[in-house]
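# Descriptive structure summary
The residues making up each chain are set out below.
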Amino acid sequence: MKLLTLTTNLSHPGFIQFKKFYDHFGYEYDVLNPKESGFGEQMPFIVEWCKLHPDEEFIYVDAWDTIALADITELRSKLPDCEFYGGAEYGCWPDHALTDKFPNLTLPYKYLCGGTWYAKTNLIVEMATRFPNGEKHNDQHWMQLCFLKLYNEGRNVQLDNYGNIFQSIMLDAPETFVIENKRVTNTLYDTKPVIIHG
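Because the structure is a prediction, the values reported are computed rather than measured.

The rules we used
- Residues numbered from 1 in each chain as written.
- Predicted model: local features only at pLDDT ≥ 70, side-chain atom pairs only at ≥ 80, totals over all residues.
- Heavy atoms only, no water.
- Axes fitted to C-alpha atoms, helices over the stretch in contact; angles between N-to-C directions.
- Helix = DSSP H or I, 4+ residues; strand = E, 2+ residues; numbered from the N terminus.
- Parallel < 35°, antiparallel > 145°, perpendicular 65-115°, else oblique.
- Contact = heavy atoms within 4.5 Å.
- Nonpolar A, V, L, I, M, F, W, Y, C, P; charged D, E, K, R; others polar.
- Salt bridge = Lys/Arg side-chain N within 4 Å of Asp/Glu carboxyl O.
- Buried < 20%, exposed > 50% of the residue type's maximum accessible area, 1.4 Å probe, protein only.
- Pairing = 2+ DSSP bridges.
- Phe/Tyr/Trp six-rings, centres within 6.5 Å; stacked < 30°, edge-to-face > 60°.
- Polar contact = N/O pair within 3.5 Å; in protein donor to acceptor, adjacent residues only side chain to side chain.

### Topic: the packing of helix α4 (residues 121-130) against helix α5 (residues 139-152)
In contact at an axis separation of 11 Å, α4 and α5 are set at 100 degrees when each is read in the N-to-C sense. In terms of their interaxial angle, α4 and α5 are classed as roughly perpendicular. Between α4 and α5, the residues in contact are Leu123, Glu126, Met127, Ala128 and Arg130 and Trp142, Met143, Cys146 and Leu150, respectively. Among the residues forming the contact of α4 with α5, the class breakdown is seven nonpolar, no polar and two charged.

### Some thoughts on the pattern of salt bridges
Applying the stated criterion across every chain, the model contains twelve salt bridges. Here Arg76 makes a salt bridge to Glu57, at a shortest N to O gap of 3.1 Å. On the criterion of sequence distance, the pair formed by Arg76 in helix α3 (residues 72-78) and Glu57 in strand β3 (residues 57-61) is long-range, its members being 19 residues apart. With relative accessibility at 40%, the residue Arg76 sits in the partly exposed group. Here Arg130 makes a salt bridge to Glu153, at a shortest N to O gap of 2.5 Å. Residue Arg130 is located in helix α4, and its partner Glu153 is located in the loop between α5 and β7 (157-160); the two are separated by 23 residues in the primary sequence. When salt bridges that share partners are traced, they join Glu83, Glu126, Arg130, Glu153 and Arg155 into one network.

### Comments concerning the sheet that holds strand β11 (residues 195-197)
Within a beta sheet, neighbouring strands are joined by backbone hydrogen bonds and run either parallel or antiparallel to one another. Taken in spatial order, the three strands of this open sheet run β4-β11-β8, and their pairing is mixed. Of all strands in the sheet, those bounded by a partner on one side alone are β4 (66-68) and β8 (166-168). Pairwise comparison of adjacent strand axes, ignoring direction, gives a mean angle of 20 degrees for this sheet. With three bridges joining them, β4 and β11 adopt antiparallel strand pairing.

### Overview of unusual backbone geometry
Residue Pro94 follows Trp93 across a cis peptide bond; omega there is 10 degrees. By secondary structure assignment, the location of Pro94 is in the loop between β5 (84-89) and β6 (111-120). Phi is positive for Asp55, which is not a glycine, with a value near 60 degrees. Relative to the assigned elements, Asp55 resides in the loop between α2 (43-52) and β3.

### Points about the packing of aromatic side chains
All told, the structure shown has 16 aromatic pairs when counted by the stated rule. With a centroid separation of 6.2 Å and an interplanar angle of 55 degrees, the aromatic rings of Phe84 and Phe147 are classed as tilted. Pair noted here: Phe84 is in strand β5 and Phe147 is in helix α5, with a separation of 63 residues, a long-range link. Following the ring pairs from residue to residue traces out a cluster consisting of Trp49, Phe58, Tyr60, Phe84, Phe102, Tyr111, Trp117, Phe147 and Tyr151.

### Comments concerning the environment of Thr99
As for its position among the elements, Thr99 is in the loop between β5 and β6. Linking Thr99 and Lys110, residues eleven residues apart in sequence, is a C-alpha distance of 9.2 Å. Those residues within four positions of Thr99 in sequence are excluded, and the remaining contacts are Cys92, Leu105 and Tyr111. Only 2.6 Å separates the side chain of Thr99 from the backbone oxygen of His96, close enough to count as a polar contact.

Spelled out as structure tokens, the structure:
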């Protein structure tokens with residue numbers, strides 16, 4: 001299973017860090033390198049990549065603020081059987097009107113984070129066809145809307161509410177995590193995430 005990321009600057013310190021961690025753990029990855037891409041405007045490039053890779057599964061991660069702490073074998077072992085598995089975070093951004101729309105609202109990590117997710121390429125192409133990404137939506141907003149529509153249709157789309165694979169640390173209290181033997185442990189659930197998103 002391949003990893004996918006996107007950056008407009010291959011010399012950015014965040015991307016240099018990306019390569020350090022993902023190379024260390026032996027990930028196979030593709031890097032989309034458009035000349036220009038505004039904040040939250042990556043999905044058109046990702047959709048085109050998915051069209052070129054039908055019937056595949058992949059992991060998408062942001063290029064400048066994610067690191068890997070384990071290899072793809074561990075990631076696969078923790079991945080549920082589903083069409084989409086998204087990282088989750090504390091805050092509902094950018095559309096606070098969606099705050100009460102997500103499943104598992106009693107859990108701390110309940111809102112889809114657009115910076116870390118697993119999907120099947122055919123699903124992403126389907127999403128782009130069924131739910132065109134209007135100019136008023138950034139990538140995360142669009143993905144949240146798509147996720148909720150698919151979830152309410154009964155599709156097998158899930159969020160990583162416990163930080164088993166994807167752990168967003170945005171808005172999180174530092175004491176939630178401990179670092180031992182170069183691994184981060186989420187003390188709320190005693191989970192060891194594979195990918196950290198800052």
